[in-house]
Amino acid sequence: MSSPATGLPPRARPHPSGHQRAFAERTVRTIRRRRVVNVVMMGFTYLAAAVATLPLLFILFHLLREGASSLGPDFFTSTPRPVGEAGGGMANAIVGTLLVVGIAAAVGLPVGVGAGLYLAEHRGTRLAWVVRFLSDVLNGLPSIVLGIFAWDLLVRPFGHFSALAGGVALGAIMVPLVTRATEEMISLVPGSLREAALALGYPRWRTSLTIVLRTALPGIVTGALVAVARVAGETAPLLFTAFGNQFWSTSVTQPIAALPLQIFTYAISPYDEWHAQAWAGALVLIAIVLVISVVSRYVTRARFGTGSD
Amino acid sequence: MTDAALAGGVHAGPEPAPADAARMGGAAIGDRAYQLAILIFALCIPLLLAAIAGAVASAGWPAFREFGGSFLTSSRWDAVNGEFGAAPAIFGTLVSSVVALLIATPLAIGVAIFLSEFAPPWLRQPVAFLVDLLAAVPSVVYGLWGIFVLVPILREHVMPFLAGTLGLGGTPLFSGPAYGPSMLAAGLLLAIMVLPYVSAVTREVLLAVPRSQREAALALGATRWEMIWDAVLPYARSGIVGGIILGLGRALGETMAVTMVIGNRHELSASLFAPGYTLASLIANEFSEATGDLHVAALMAAGTTLFALTLIVNAIARWLVWRVARGPVGR
């Protein structure tokens with residue numbers, strides 16, 4: 001076959017050599033394989049997201065199914081009954097948790113907010129770097145280790161368990177959480193606000209406390225609430241500090257009941273009535289945690305316009 | 001003016017006019033008091049950490065003095081005769097954590113990639129929120145769910161399936177009777193618990209990878225997965241490793257949930273079906289029935305070991321994450 005115009009055979013047209021064909025096929029195969037890998041791996045990430053959200057939904061489902069039936073007014077108003085007697089509640093444990101968490105907040109909040117202020121105002125310094133690093137390390141320590149700390153500090157010397165020791169253990173857990181929340185919220189406050197106050201002749205300390213801290217307050221409160229929610233569910237450090245109590249007590253120097261402790265005790269017991277109570281307690285606990293999480297997320301997003309944390 | 005400049009000194013502005021001098025003098029005192037106060041609060045953190053180290057070491061000291069290194073290597077735990085060796089608990093701590101990370105890591109990285117690269121905008125927030133909520137669920141609630149839901153499922157379905165249907169029963173890893181409470185149950189529950197931590201750090205690190213890195217890969221004709229695999233993940237690698245180690249730190253120290261499903265037996269067994277112990281669950285489970293000072297000291301020594309282990313793991317993890325995500329001096 002020759003070209004009518006020149007009479008010469010076409011140069012770089014049809015009939016590829018075997019070599020060229022193999023190359024083309026290989027390219028097509030490669031592209032196809034790359035596409036398949038792409039789709040498969042994207043599918044895997046979708047699957048991972050689905051699998052990761054399932055456990056939470058499962059847990060919530062079981063908590064509602066098992067816990068709701070034992071959750072009457074009795075649960076919030078009466079103290080535990082002995083084995084074999086139906087009914088009873090966790091009123092003492094709920095009050096105990098409130099008391100212990102209150103002590104924890106009194107210990108942990110001032111230190112956390114103060115340290116957070118320092119980190120935000122001296123961000124570039126070496127000391128701030130060290131404190132920030134140690135705060136992160138502290139945050140990663142197992143809660144049971146902080147329980148040992150409070151036990152050694154406040155239980156062993158006095159010879160008895162106490163609500164105070166439990167509060168101190170939980171307070172120590174709160175410190176790094178509040179510190180980081182405070183630092184991050186303060187760093188979101190526009191520098192112009194601080195400069196405006198200084199330009200008006202405000203001293204630095206009043207600028208920090210009444211302008212900057214005031215502006216960041218909703219965010220800090222949210223961070224503090226998240227920290228409270230986290231320690232309210234802590235069990236391990238309370239095992240050898242607050243210890244637990246089947247009876248009514250509001251004394252800070254005596255062993256005291258707490259909701260998570262009570263759930264643990266009931267869950268590992270062999271009695272069905274107690275299991276039901278444990279589920280009900282867990283439902284209450286998770287409701288508290290979820291409400292705080294959702295509210296804090298809503299508040300943070302509404303205020304700072306960012307949804308992520 | 002930057003924060004650093006403001007932090008430079010009390011008199012950040014020009015010299016005050018004479019009439020204002022008295023008031024400014026008051027401000028200087030106020031500033032100094034304020035700076036001192038927040039400095040003290042900041043120093044509380046290193047002090048707290050030092051106090052924790054001191055308390056944990058002193059509480060465990062009698063056991064270390066009595067048994068020396070054999071506390072870490074012996075597997076005899078005999079409260080009646082006063083012999084304590086924590087090897088099974090150390091072994092169990094490591095095994096349950098490794099199982100947890102083997103399960104959680106691919107999932108967590110998958111979720112993080114999904115959230116940072118693939119998720120449609122309307123799905124991003126809800127999924128991120130649900131995964132983050134996993135971290136907010138109290139340990140004891142996981143434990144409760146583990147005892148009454150997860151362990152029965154493992155015993156009735158998963159363990160027979162692994163040993164029988166898949167024919168893995170002959171391998172040492174999946175041999176022995178399937179009671180339910182086991183290393184496998186603990187590992188699985190821990191996997192759920194550490195997943196949000198690993199995934200949150202990974203997501204943060206992935207978001208820190210520059211856009212140009214992604215665009216360059218796409219411009220060269222990479223598929224979206226190739227972009228992630230060849231351009232994004234290598235850039236974020238040490239941060240992701242940091243996130244995994246952070247998850248390891250969580251898994252090592254997790255107490256209540258593990259205590260409730262691991263079976264609490266002083267045994268060294270290669271099988272994941274066998275019950276075991278971890279350092280944290282050992283302390284939690286035996287403290288209330290500890291007889292005698294040496295028993296308590298041995299439990300506290302387990303706490304000392306756990307403290308040292310998690311301290312090292314956390315320090316390494318934080319360092320790796322910081323290097324990628326924000327650098328050492330904050331954002």
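Since this is a predicted model, take the numbers as computed values, not measurements.

Reading the values: the criteria
- Residues numbered from 1 in each chain as written.
- Chains lettered and ligands numbered in written order.
- Predicted model: local features only at pLDDT ≥ 70, side-chain atom pairs only at ≥ 80, totals over all residues.
- Helix = DSSP H or I, 4+ residues; strand = E, 2+ residues; numbered from the N terminus.
- Rg over C-alpha atoms; globule rule 2.2 N^0.38 Å.
- Buried ≥ 20, exposed ≤ 12 C-beta atoms within 10 Å, placed from the backbone.
- Axes fitted to C-alpha atoms, helices over the stretch in contact; angles between N-to-C directions.
- Parallel < 35°, antiparallel > 145°, perpendicular 65-115°, else oblique.
- Contact = placed C-beta atoms within 7 Å.
- Nonpolar A, V, L, I, M, F, W, Y, C, P; charged D, E, K, R; others polar.
- pLDDT = per-residue confidence, 0-100.

We now examine the overall build of chain A. Across its full length, chain A holds 10 helices and zero strands. When the helices and strands of chain A are listed from N to C terminus, the series reads α-α-α-α-α-α-α-α-α-α. Relative to a compact globule of 309 residues, whose C-alpha radius of gyration would be 19 Å, chain A shows 30 Å and is clearly more extended. Overall size of chain A, expressed as C-alpha extent along the three principal axes, is 110 × 70 × 35 Å. For chain A, buried positions account for 48% of its 309 residues.

What follows deals with the packing of helix H1 (residues 18-67) of chain A against helix H9 (residues 224-253) of chain B. One can describe the packing of H1(A) onto H9(B) by two numbers: an axis separation of 8 Å at closest approach and a directional angle of 80°. Between H1(A) and H9(B), the crossing angle belongs to the class labelled roughly perpendicular. For the pair H1(A) and H9(B), the contacting residues are Arg34(A), Val37(A), Asn38(A), Met41(A) and Met42(A) in the first and Arg224(B), Trp225(B) and Glu226(B) in the second. Looking at the contact of H1(A) with H9(B) residue by residue, the class counts come to four nonpolar, one polar and three charged.

So, about the interface of chain B and chain A. How big an interface is tends to be expressed through the accessible area that disappears when the partners come together. Taken together, the contacts link 78 residues of chain B with 79 residues of chain A. Considering each element in turn, the side of chain B that touches chain A owes the most residues, 20 residues, to helix H2 (residues 21-67) of chain B. Taken together, the residues of the side of chain B that touches chain A break down into 58 nonpolar, 14 polar and six charged.

Let us now look at the environment of Leu150(B). Residue and element names in this part refer to chain B. Here Leu150 shows up in helix H6 (residues 139-165). As for Leu150 and Val261, which are separated by 111 residues in sequence, their C-alpha atoms are 8.9 Å apart. Each residue touching Leu150, except ones within four places of it in the same chain, is listed here: Trp145, Ala185, Leu188, Leu189 and Val261.

Residues and elements named next belong to chain B. Taken over all residues, the pLDDT of chain B has a mean of 87, while the share at 70 or more is 90%. Of the regions scoring below 50 in pLDDT, residues 1-13 engages in 13 contacts with residues more than four places distant in sequence or in other chains. Of the regions scoring below 50 in pLDDT, residues 327-331 engages in 10 contacts with residues more than four places distant in sequence or in other chains. For this predicted complex, the interface confidence score (ipTM) comes to 0.87, while the overall pTM stands at 0.87.

Negative phi values dominate among residues other than glycine, just as trans dominates among peptide bonds. At Phe243(A), a position not held by glycine, the phi torsion is positive, near 75°. The topology assignment puts Phe243(A) in the loop between helix H8 (204-232) and helix H9 (259-267). With phi around 50°, Asn264(B) is a residue other than glycine that occupies positive phi space. Looking at the element boundaries, Asn264(B) is found in the loop between helix H10 (256-261) and helix H11 (279-286). Its 22 C-beta neighbours within 10 Å are what place Asn264(B) among the buried residues.

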